[in-house]
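Each chain, letter by letter, is given below.
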Amino acid sequence: MGFNIKNGCVNIDDTDMYYVSFGTGKKKIVMLPGLSDGLTTVKGKGRFIVSPYKKYLSDYTVYMFSRKNKMPVGYSISDMADDQVRVMKKLGIEKAFLCGVSQGGMIAQCLVLNHPEVVEKLVLAVTAPAANDIVQDNVLGWLEMTARDDHVRLMVDTAEKMYSEKYLAKNRKLFPIMARFTKPSSYERFDRNAKAILEFDVRDRLSEISVPTLIIAGEDDKTVGNDAVKELKAGISGSEQYIFAGLGHGAFEEAKDFYDKIFAFCDK
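The residue numbers shown here count from 1 along each chain, following its written sequence. Confidence filtering applies because this is a predicted model: local features only for residues at pLDDT of at least 70, side-chain atom pairs given and counted only at 80 or more, and all residues used for totals across whole chains, interfaces and linings. With hydrogens and water stripped out, all remaining heavy atoms of the structure feed into the side-chain values.

Draft legend 1. Main features of the overall build of the protein. A count of helices and strands for the protein gives 11 helices and eight strands. With the C-alpha coordinates of the protein rotated into their principal frame, the extents come out at 45 × 40 × 35 Å. For the protein, buried positions account for 55% of its 268 residues. By sequence separation, contacts in the protein at least 24 residues apart represent 78% of the contacts at least 6 residues apart. As displayed, the protein has an accessible area near 12,400 Å², and 51% of this comes from carbon and sulfur atoms. Neither His nor the chain termini are counted; the positive set is Lys and Arg, and the negative set is Asp and Glu. Note that the charge is assigned to NZ on lysines, CZ on arginines, CG on aspartates and CD on glutamates. Here the protein carries 37 positive and 36 negative side-chain charges, and the mean point of each set is 7 Å from the other. For helices the rule is a DSSP run of H or I covering at least 4 residues; for strands it is a run of E covering at least 2, with both sets numbered from the N terminus onward. Under the scheme applied here, a residue whose accessible area is under 20% of the maximum for its type counts as buried, over 50% as exposed, and between as partly exposed, the area being computed with a 1.4 Å probe on protein chains only. Whether two residues are in contact is decided by their heavy atoms: any pair within 4.5 Å suffices. Each accessible area is a Shrake-Rupley result for a 1.4 Å probe, and residues are judged covered by the shown protein chains and nothing else.

Draft legend 2. Representation of helix 5 (residues 151-160). Every buried residue of helix 5 is accounted for by His151, Leu154, Met155, Val156, Asp157 and Ala159. Residues of helix 5 that are buried make contact with helix 4 (133-147), helix 6 (165-171), helix 7 (175-179) and helix 8 (188-198).

Draft legend 3. Focus on the state of the cysteines. In plain terms, two cysteine sulfur atoms within 2.5 Å form what is called a disulfide here. Applying the stated rule across the entire model yields zero disulfides. Free cysteine Cys110: the closest other cysteine sulfur is in Cys99, separated by 16 Å. Overall, the relative accessible area of 7% leaves Cys110 in the buried class.

Draft legend 4. Representation of the packing of helix 4 against helix 5 in the model. Axis definition: a line fitted to C-alpha atoms, limited for helices to the stretch in contact. Angles are taken between N-to-C directions and run from 0 to 180 degrees. Between helix 4 and helix 5, the least distance of the axes is 8 Å, while the angle of their chain directions is 160 degrees. Taken together, the axis directions place helix 4 and helix 5 in an arrangement best described as roughly antiparallel. Of the two possible hands of crossing, helix 4 and helix 5 adopt the one that is left-handed. Only Arg153, Leu154, Asp157 and Thr158 of helix 5 make contact with helix 4, whose side of the interface consists of Trp142, Met145 and Thr146. Gly is put with the polar residues, along with every residue not named as nonpolar or charged; the nonpolar set is Ala, Val, Leu, Ile, Met, Phe, Trp, Tyr, Cys and Pro, and the charged set is Asp, Glu, Lys and Arg. Counted by class, the contact of helix 4 with helix 5 contains three nonpolar, two polar and two charged residues. With respect to orientation, any angle under 35 degrees is reported as roughly parallel, any angle over 145 as roughly antiparallel, any angle of 65 to 115 as roughly perpendicular, and every other angle as oblique. Two helices that cross are described as forming a left-handed crossing if the nearer one is turned anticlockwise from the farther one by less than a right angle, and a right-handed crossing if clockwise.

Draft legend 5. Just the nonpolar core, in detail. Grouped together as the largest cluster of nonpolar side chains are 60 residues, with contacts concentrated most on Phe65 and Leu122. Sorting elements by how many residues they give to this core places helix 3 (residues 103-114) first, with seven residues. Ignoring any residue separated from it by four or fewer positions in sequence, one finds Leu122 in contact with Leu98, Ala108, Val112, Ile209, Val211, Pro212, Thr213, Leu214 and Phe265. Definition of nonpolar core: a set of buried residues of the types Ala, Val, Leu, Ile, Met, Phe, Trp, Tyr and Cys, connected through side-chain atoms within 4.5 Å. Grouped together as the second largest cluster of nonpolar side chains are 31 residues, Ile29, Met31, Leu214 and Phe244 included.

Draft legend 6. View of the packing of aromatic side chains. Working definition: a ring pair exists when centres of Phe, Tyr or Trp rings (six-membered ring for Trp) sit within 6.5 Å. Plane angles under 30 degrees give stacked, over 60 give edge-to-face, the rest tilted. Scanning the model with the defined rule gives 15 aromatic pairs in all. Both rings, one in Tyr56 and one in Phe263, keep their centres 4.0 Å apart while their planes meet at 10 degrees; by these two values the pair is stacked. A residue pair is termed long-range when its members are at least 10 positions apart, and Tyr56 in the loop between helix 1 (46-49) and strand 4 (60-65) and Phe263 in helix 11 (residues 258-267) qualify at 207 residues. The class for Phe263 is buried, based on a relative accessible area of 1%.

Draft legend 7. Focus on the environment of Arg180. Mapped onto the fold, Arg180 is located in the loop between helix 7 and helix 8. The spacing of Arg180 and Val229 is 49 residues in sequence and 34 Å in space, taken between C-alpha atoms.

In structure tokens, the structure reads:
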């Protein structure tokens with residue numbers, strides 16, 4: 001396809017971590033996805049997720065990582081960040097632009113706090129510096145749904161809290177149908193990712209983040225709440241922000257210029 005797509009896997013301790021990469025550019029950007037990674041990894045999906053990045057791939061090599069495949073009980077967001085850096089170094093990624101979306105943004109915050117030397121610039125998208133009340137209510141609700149093995153409800157609820165009303169009006173009927181094709185054989189991976197979110201809180205450390213930072217949010221985020229972006233902006237000195245009007249947590253899917261904002265910031 002001409003985009004140098006690679007579907008890769010890196011061994012780490014007694015397990016491994018899947019990633020995809022594409023591009024031939026000297027600049028490297030690492031993308032960390034959200035909680036949906038607990039349901040399905042990026043394994044083999046390179047050609048399906050390359051599209052938003054195509055026009056940047058002569059300047060950048062893009063890496064998107066899943067969490068590692070076996071996660072122990074009590075595996076924390078900070079643990080995920082530390083393992084992410086270990087895998088990056090195994091791949092020869094000594095320093096990169098870093099973008100985390102939703103839970104990936106939480107991992108990105110821990111990563112830059114624990115390992116600032118590996119981050120060129122930081123993008124935090126539709127995320128929060130802690131599991132606030134809205135995050136707690138949502139995640140606990142989703143854990144109850146997985147405990148009941150109610151995958152349709154899980155998919156419908158996450159979609160309702162993610163997308164704009166305009167998008168929902170057009171696609172709402174599809175979510176129960178799509179749920180039939182996305183159910184994992186086990187919810188263990190999802191549950192351990194979700195429980196890690198419940199324990200996450202770096203609000204008292206945000207002032208330590210000194211790399212250039214862009215915070216991206218939707219105007220009405222029903223997943224992490226609208227105060228999350230304000231906390232991040234107030235806590236990270238010199239940070240910039242962009243808020244997509246009329247969108248919510250799913251801005252990274254709905255906004256046509258979402259990736260333009262990220263790469264414009266990285267290029268600046």
